[in-house]
Each structure stands twice: as C-alpha cells, then as structure tokens.
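Coordinates in review
What follows is the residue order along each chain.
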Amino acid sequence: MSRKHGGRPDGATVTASFDAGASAYDALTDRNPGYHEHLRVSASRLGLPADGSGLRLLDVGCGTGASTAALLSAAPGATVVGVDASAGMLEQARAKRWPGNVAFVHLPVEELGAADLGGPFDAVFAAYLVRNLTDPDGPLRTLRSLLRPGGTIAVHEYVAGLTLSARLRWTLVCWGIVIPLAAAKGGNVPLYRHLWRSVATFDNAPAFADRLVRAGFTDARTETMSGWQRGIEHTFTARRPDAE
Ligand SMILES: C[S@@+](CC[C@H](N)C(=O)[O-])C[C@H]1O[C@@H](n2cnc3c(N)ncnc32)[C@H](O)[C@@H]1O
C-alpha cells in the first residue's frame, strides 16, 4: 500500500485495498475470537434505550455489515444507515438479509457533511474506521455535527498499546496469525499489513480520547475488552454537547 500523508495511505488506496479484500473479509473476521462479540459490547456501550424504536443510528465504515448487525442487536427497532467508501465491502453487506429499517449508502466519510442521510442521528458507531483515515480530525468533527445535541458516538478501535506487553501481543497476533491466515485464505495481504502498521503507528488510548475532545465531543470515556485484545481494542464513547 503506498503511503503519502505522513506515512498514512490516502483514501483511494485504502478503499481499493478494502475492495480487493472484500470477498474474503468475513471468512477472516469470523476466525478472530471475540470479533462479533466485542462489536456487540461496543454497541451496547452506546447506552441506547431498550429496543431503540424511533432512534436513527449511523454506522460509518460499516463494511460487510458486522458492525451494523451489532448495532441492531443493541437497538433492533432503530433505523440504521450504514455508510462505506468501498463498493466491494458494501456489496457483501447488501447480499445479507436485513430488516426494512436498515439502509446502506456508498459514500466516503469525508463527504458526509454535504450528504442528506436523513439525520440528525441519535448515535454514531465507527468500528475499525478512524485509524484508516488519512486525516481523522475533519471526519470526527463532521460526525459530531451529524449527531443531535446530546447524541453519542462510539468508536470501536484497535489503538497502539500503552504497555510493551500489549504492543508485542499486537505484533505477534498480526505477523504470527492474521497475515499468514490472510495469505492462506485468499485475503488481501497488503490490507492486513496495513492493519498491523495502522495500529502500531496510531494514537494510544489517552491520545485518542484527547482527539475526540479536540473534535468537540464531551464526556469522553475509554473502556477496553477482554481476551487477547485487552489494552489494544477499545470502545471510546463521547457525546455531542447539549448546547454549543
Ligand atoms: C476494518 S473495516 C470495518 C468494517 C465494519 N465496521 C466492521 O466492524 O466489520 C473498515 C471499513 O471502513 C471503510 N472505510 C475506510 N475509509 C473510509 C472512508 N474514508 N469513508 C468511509 N468508509 C471508509 C472501509 O471501506 C471498510 O469497509
């Protein structure tokens, strides 16, 4: 993957890589222990009211729909809009069976501010998206603006470990399991090398919480997961202030 912006690949390169990896994506994530369960944990950390009827939720970077399914498990009655820049990932998502309250839109997050998605939204879910963005700060401000005042964002993300043990675990999992598995199962190997690098070079947890505050969110809260992901995978929740 070519890198132009301070070591980060540009959006078109990232999207092309997800397009190339789309058909094998679910087979690989299904082998990751905790992948779906942890998405559900993060969706539940949005603290949505039971059933979610009447709520409008945005799943940005919805990919093949794993995070969309997690949102629905937290709020089955909500209207959910899934947005993604990769036509290949969306094709996989659309091929699944969804209730009538779910819609998918092909759009990069960088263009959401000018799009009419029927917001404002009560909550935004961004799972494994932000670290892939060339410049996350502008899109985070856009996501805040798409929330109703008081609305909540949950960013579900791998971030750079704060301890040597977490950083070593990340490198061992990627180079010892994920990348060889991608090679064996027809995945897009450069995408999984990008996964390793994008986490190792991204914010650590306190830095990412600060980034949310700089983007105008309030009440930022950080929680990690159990399993091999402890100290690496997190849910960051925050709110759009009630009055701005
Ligand atoms: C690692 S996948 C995660 C998919 C899904 N959220 C999940 O939990 O399985 C990241 C997704 O973000 C999308 N993405 C990356 N950059 C994007 C951008 N600038 N705008 C919208 N989607 C983007 C990719 O196409 C990909 O589908």
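That block above? That's the structure.
Quick look at the structure, then. Since this is a predicted model, take the numbers as computed values, not measurements.

Once that is clear, we can look at helix α3 (residues 66-74). Because an α-helix packs 3.6 residues into every turn, residues spaced three or four apart end up facing the same way. With eight of nine residues buried, α3 lies mostly within the body of the structure. Listed as buried for α3 are Ala66, Ser67, Thr68, Ala69, Ala70, Leu71, Leu72 and Ala74.

Let us look at the nonpolar core. In terms of nonpolar packing, the biggest core is built from 68 residues, with Leu57, Leu71, Val124, Phe125, Ala126 and Ile153 touching the most fellow members. What Leu71 contacts, discounting residues up to four positions off in sequence, is Ala43, Leu57, Asp59, Val80 and Phe125.

Moving on: the sheet that holds strand β5 (residues 147-158). In spatial order, the strands read β3-β2-β1-β4-β5-β7-β6; together these seven strands make up an open sheet with mixed pairing. Each having just a single partner strand, β3 (102-106) and β6 (218-224) make up the two edges of the open sheet. Across the sheet, the mean angle from the axis of one strand to that of its neighbour is 15°, orientation sign disregarded. Note: strand β1 (residues 56-60) against strand β2 (residues 79-84), five bridges, orientation parallel. Note that in β2 the partner of Leu58 across the bridge is Val81. Contacts from helix α2 (residues 35-44) reach β4 (121-127), β5 and β7 (233-239) within the one sheet, and its direction differs from that of β5 by about 155°. Strand contacts of helix α5 (residues 137-146): β1, β4 and β5, with the helix running at about 150° to β4, the strand carrying the most contacts.

So, on to the site of the ligand. With respect to spatial proximity, 22 residues lie near the ligand, and among them Gly61, Gly63, Ala66, Ala85 and Ser86 are the closest. Contributions of two or more residues to the shell around the ligand are made by α1 (11-29) and α3. Broken down by element, the residue count for the shell around the ligand peaks at four residues, all from α1. For the shell around the ligand, a count of residues per class yields 13 nonpolar, seven polar and two charged.

So, about unusual backbone geometry. A cis amide bond, omega 5°, links Gly119 with the succeeding residue Pro120. Summarising the element assignment, Pro120 is placed in the loop between β3 and β4. A positive phi angle, near 80°, is found at Asp51, a position not held by glycine. Among the secondary structure elements, Asp51 is positioned in the loop between α2 and β1. Under the C-beta neighbour-count criterion, Asp51 is labelled exposed, with 12 such atoms within 10 Å. Notably, Tyr128 is not glycine yet its phi reads approximately 60°, a positive angle. For Tyr128, a count of 21 C-beta atoms within 10 Å gives the class buried.

The rules behind the values
Residues numbered from 1 in each chain as written. Predicted model: local features only at pLDDT ≥ 70, side-chain atom pairs only at ≥ 80, totals over all residues. Buried ≥ 20, exposed ≤ 12 C-beta atoms within 10 Å, placed from the backbone. Helix = DSSP H or I, 4+ residues; strand = E, 2+ residues; numbered from the N terminus. Core = buried A, V, L, I, M, F, W, Y, C linked by C-beta atoms within 7 Å. Contact = placed C-beta atoms within 7 Å. Pairing = 2+ DSSP bridges. Axes fitted to C-alpha atoms, helices over the stretch in contact; angles between N-to-C directions. Near = placed C-beta within 6 Å. Nonpolar A, V, L, I, M, F, W, Y, C, P; charged D, E, K, R; others polar.

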